[in-house]
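A closer look at the structure
Below are the chains, spelled out letter by letter.
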Amino acid sequence: MQDLGTRVAARINLVRQQDPRAQHAIWGISVVDLATGASLYAENADKLLQPASNTKLFTTTTTLALIGPGYKFLTTVEAEQRPDQTGRIAGDIALVGRGDPNLSGRVLPYVKKTERVTPHTRLLEELADQVAASGVKVIDGNIIGDDSYFVYERYAEGWAIDDLIWDYGAPVSALTVNDNLVFASLKPGDRAGDPAALTLDPYTSYYNVRNLVKTTARGTERNIGIVREPGSLDLTFWGTIPVGDPGDDEALAIEEPATANAQVLRFLLQQRGIVVRGEARAHHAEVWNYPPPHKDQPLIAQPSPAPAHVVLAQHQSAPLIEDLRVINKVSQNLHVEMMLRQLGKLRGPSGSISGGLDVEKKFLAEQVHIDPAEFALFDGSGLSRSDLATPHAFTQLLQYVYAQPWAAQFRATLPVAAEDGSLSMRFKGTFAADHIDAKTGQLGEANSLSGYGITKRGNNIAFSIIVNHHTLGNANARQMIDDIVNAVLEED
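Within the protein chain, the secondary structure is distributed over ten helices and 21 strands. What you see for the protein chain is a C-alpha radius of gyration of 24 Å, in line with the 23 Å of a compact globule of 492 residues. Projecting the C-alpha coordinates of the protein chain onto the three principal axes gives extents of approximately 80 × 60 × 40 Å. In the protein chain, which comprises 492 residues, the proportion classed as buried is 56%. Counting only contacts in the protein chain whose residues sit at least 6 apart along the sequence, the fraction spanning at least 24 positions is 70%. Here the protein chain has roughly 20,200 Å² of accessible surface; of this, 50% comes from carbon and sulfur atoms. Across the protein chain, the centroid of the 44 positively charged side chains sits 3 Å from that of the 58 negatively charged ones.

Below is the structure:
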């Protein structure tokens, strides 16, 4: 162990010599022995760096510690009164979300990779079946998508405007279905000059769609662009796709989940022969209904609207631990943002970004004993360009988790090197394969990897490696990080 620092330093220097661009990057590294707590190697370990998705380690640890692995989410369809003898409901009905991230076709428990079954709205279909079975035949009012369980804050400070069209920038809502995504599929026509075939699932009529993609001759290049301006419901596809091309599939964020999901439920009820006279509407807990927070203080808690009196349908989720596995294995931004707001709702002043961060920061400072000067958090996922943390803060967090009775549960949420999740294709053919459980991170010119490892001598370590301000490209940056990890594990 005595020469570990020398060997890692030599490997880092070798890596930097192989690519001069690495010399201009900022590297932060912390490696600790979990048996003794001793620092085995440190370089810029106390410097604040952009952690990217390693931020999820803070949020998921806090969630597991304070909410617990067995917590379940409840989604309901409610009305003020039961249907009368003719099956008529005189007013509105509400689809009430309470932060369940898995109202989708996602298969749980997560094993090795993401799997989905169709229809993507199958759980809404089950709710619609329950409503029909309750005797409802006519709804005079509207179908309300109620996401007021969380404060209406779809995006966090520091998210980039070009994130918001894609799956990783999907808007946050307490009423989330299918990860608030529409799956777009483009296939070529039969002949050059034909328009491409475009399908959307499940929100088939939510966007105003223009398909300008043309089929080109076999062997030409596929070149497709997609644009949706922030706040717009106009979605345009353009470009070319050659004859015989297997097609292009994209996961695109929807703009307003509560309204979109109310629209889906309205359609499903009509499919079941229920007459719906009203429209789809949203009910939010608007942020301006809350007193503005003072500096460094969360929003003041406000009572939620009184629930409707009659539950017509309900769905209870899988245990929370199953979603923590999804979050860390595949780096699911939306789900972890929902966990942040759930922290604020259940353990803090409000289901808001501010409320969740207040709970999380207190937990990190008071229970994990991380110096608050070593982190600055603005969201739960790490998508914010304003997030900062030191490598030492991450190894301190990992040491804390290692000593908890639920340590094995948490470790099982992390990707395994060369096996699953975001590490499935990394470390193949190296000793680190199956000897590393770690969370990946990637955002612009920032890459990171933090987690646990077992060395060749059987020592348990925690490590955090963050590289910022580089022009290496993600593949090169990841390989350099992996080389450093291998250097640490191969100590003898």
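Phe-58, Leu-364 and Ile-370 are the most contacted members of the largest nonpolar core, which totals 55 residues. Leaving out residues up to four positions away in the same chain, Leu-364 has contacts with Phe-58, Thr-62, His-369, Ile-370, Phe-375, Leu-377 and Leu-397. Ranked by size, the runner-up nonpolar core spans 44 residues in total, among them Ile-143, Val-182, Ile-274 and Leu-312.

With the rule as written, the count across this model stands at 18 salt bridges. With its nearest N and O atoms 2.8 Å apart, the salt bridge here joins Arg-21 to Asp-19. Residue classification places Asp-19 among the buried positions, given a relative accessible area of 12%. Linked by salt bridges that have partners in common, Arg-88, Asp-140 and Arg-277 make up one network.

A separate point is helix H4 (residues 257-271). Counted at 1.5 Å a residue, the expected span for H4 with its 15 residues is 21 Å, and the 21 Å between its end C-alpha atoms agrees. When you tally the buried positions in H4, you get eleven out of 15 residues, the bulk of the element. Those residues of H4 lying buried are Pro-257, Ala-258, Thr-259, Ala-260, Asn-261, Ala-262, Val-264, Leu-265, Arg-266, Leu-268 and Leu-269.

Taking strand neighbours across the sheet as the criterion, the three strands line up as S4-S6-S14 in an open arrangement whose pairing is parallel. Lying at the two open borders of the sheet, with one neighbouring strand each, are strand S4 (88-89) and strand S14 (275-276).

What counts as what
- Residues numbered from 1 in each chain as written.
- Predicted model: local features only at pLDDT ≥ 70, side-chain atom pairs only at ≥ 80, totals over all residues.
- Heavy atoms only, no water.
- Helix = DSSP H or I, 4+ residues; strand = E, 2+ residues; numbered from the N terminus.
- Rg over C-alpha atoms; globule rule 2.2 N^0.38 Å.
- Buried < 20%, exposed > 50% of the residue type's maximum accessible area, 1.4 Å probe, protein only.
- Contact = heavy atoms within 4.5 Å.
- Areas by Shrake-Rupley, 256 points an atom, 1.4 Å probe, with all protein chains shown as cover.
- Lys, Arg positive; Asp, Glu negative; His and termini not counted.
- Charge placed at Lys NZ, Arg CZ, Asp CG, Glu CD.
- Core = buried A, V, L, I, M, F, W, Y, C linked by side-chain atoms within 4.5 Å.
- Salt bridge = Lys/Arg side-chain N within 4 Å of Asp/Glu carboxyl O.
- Expected span 1.5 Å × (residues − 1).
- Pairing = 2+ DSSP bridges.

That's the geometry; what it means functionally is another story.
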